[in-house]
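# Chains, contacts and geometry: an overview
Residues per chain are reported as follows:
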Amino acid sequence: MSAVADPSDPLGVLGPRGPGGPEGPAAALAPFVHPALFYGDEAEYLAGTVSFVRDGLDAGDPVAVAVPGDNLRLVQDALGDRGRAVRFLDMREAGRNPGRIIPGVLRAFADATPPGRRAWIIGEPIWAGRSATEYPACVQHEALINAAFRGRAVSILCPYDVRRLDARVLADAHATHPTVIPAGEGRERPSAAYDPMGVVARWNRPLPPAPSTALTYAFDADSLTRARHVAVGEGERLGLVGLRLEDVAIVSAELTTNSVVHGGGSGVLRMWEERDAVVCEVGDRGRLTDPLAGRLPAPRDQRGGRGLLLVNLVSDLVRVHTTDEGTTIRCWFHR
């Protein structure tokens, strides 16, 4: 499971480069904006989000709001008739898997923006109630937004609830956003703690061991088809049906194939149940060197390169741990 990255700038946060296109001279005229909005109450939330939406609408640009349902209704009510021009998404559904947000929400909207216009998006991927299992994927997502939209005419505002999120989350928000809007101030300022590359590395943490009862199946090039059948059979035994079984088939096929092609020619498939979900994990001896792998839509004329993207789009959560010794990708499927 490997991909090529610029070792001097694997996240692409050092600025525009290359002739032409979104990374060339035009990029200097279209800077990416990514502030964190810290809010302490409903009034501060609406002051920051509604003014952002109105600025986008007043400029004649497309605007999207992807936040949890309760906050979504607050913004809709505050906008009134002006909200008819806004694309609204419940982030609890659209962003259940944080790895899906960049390709399935942010890039999907930004890439449909007409040339010469700016895309304005409010995205709230971290809310009270996100589990400890989900959080590493959430914070890495926030860090990777900066690389995914470098040089694009896109503004993404990310709200953070200072009352209900713990201090660690708020500190990470300062590290993943180049600018911040402190609660009660309403003014944007540079973040002294901005370090997205450091955040991605810091949260590249070993996953808890699979339970001793997990199904374990070692595979290689000769047993790829068998590995997929094993995964589907175990998913069915653990209670998955219909489209969920199809999702397991897709994920197991993509991950095991990646292991054979990029991860040393073999790997290990593991599956088990965890509360209301079935977990599918594939480990191998490769290293995933591109932190944006699976988070960007592949160009239409590109052959291949969509495997990890499919994994993110159909899974309810994806966690990755990668080192020089190998890579583990773990996926959750709610029953």
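### Regarding the pattern of salt bridges
Under the criterion given, the structure shown has 20 salt bridges. The salt bridge involving Arg96 is made with Glu93; its shortest N-O contact spans 3.4 Å. The class of Arg96 is partly exposed, set by a relative accessible area of 27%. For Glu281, the salt bridge identified is with Arg270, shortest N-O distance 3.7 Å. Residue Glu281 is located in strand S10 (residues 277-284), and its partner Arg270 is located in strand S9 (residues 266-274); the two are separated by 11 residues in the primary sequence. When salt bridges with common partners are traced through the structure, they connect Glu93, Arg96, Arg244, Asp247 and Asp316 into a single cluster.

### Some details on the packing of helix H5 (residues 135-148) against helix H6 (residues 167-176)
Contact pair H5 / H6: the axes reach a minimum separation of 9 Å and the direction vectors enclose 20°. The angle between H5 and H6 falls in the class roughly parallel. Considering only the axes of H5 and H6, their crossing is right-handed. Where H5 approaches H6, its residues Tyr135, Val139, Glu142, Ala143 and Asn146 are matched on the opposing element by Arg168, Val169, Asp172 and Thr176. A per-class count over the contact of H5 with H6 returns 4 nonpolar, 2 polar and 3 charged.

### A short note on the sheet that holds strand S11 (residues 317-323)
Read from one edge of the open sheet, 5 strands run S8-S9-S10-S12-S11, paired in antiparallel fashion. Taken across any chain shown, the strands that pair with only one partner, and hence form the sheet edges, are strand S8 (215-220) and S11. Adjacent strand axes in the sheet meet at a mean angle of 15°, parallel and antiparallel pairs treated alike.

### A few points about helix H1 (residues 42-58)
The end-to-end C-alpha distance of H1 is 23 Å, a good match for the 24 Å that 17 residues give at a rise of 1.5 Å each. If you check which residues of H1 are buried, you get Tyr45, Leu46, Gly48, Thr49, Val50, Phe52, Val53, Gly56 and Leu57. Buried residues along H1 sit against strand S1 (35-39), strand S2 (63-67), helix H2 (69-79), strand S3 (86-90), strand S4 (119-123) and strand S5 (154-161). Two to three positions downstream of the cap, the backbone nitrogen of Ala43 sits 3.2 Å from a side-chain oxygen, assigning the N-cap of H1 to Asp41. After H1 finishes, the residue Gly60 shows a positive phi value of roughly 80°.

### Describing the confidence of the model for the chain
Mean pLDDT over the chain works out to 90, with 90% of the residues at or above the 70 mark. Throughout residues 1-30 the model reports pLDDT below 50, and contacts reaching past four residues in sequence, or to other chains, amount to 68 contacts.

Rules and cut-offs
- Residues numbered from 1 in each chain as written.
- Predicted model: local features only at pLDDT ≥ 70, side-chain atom pairs only at ≥ 80, totals over all residues.
- Heavy atoms only, no water.
- Salt bridge = Lys/Arg side-chain N within 4 Å of Asp/Glu carboxyl O.
- Buried < 20%, exposed > 50% of the residue type's maximum accessible area, 1.4 Å probe, protein only.
- Helix = DSSP H or I, 4+ residues; strand = E, 2+ residues; numbered from the N terminus.
- Axes fitted to C-alpha atoms, helices over the stretch in contact; angles between N-to-C directions.
- Parallel < 35°, antiparallel > 145°, perpendicular 65-115°, else oblique.
- Left-handed = near helix turned anticlockwise from the far one by under 90°.
- Contact = heavy atoms within 4.5 Å.
- Nonpolar A, V, L, I, M, F, W, Y, C, P; charged D, E, K, R; others polar.
- Pairing = 2+ DSSP bridges.
- Expected span 1.5 Å × (residues − 1).
- Polar contact = N/O pair within 3.5 Å; in protein donor to acceptor, adjacent residues only side chain to side chain.
- pLDDT = per-residue confidence, 0-100.

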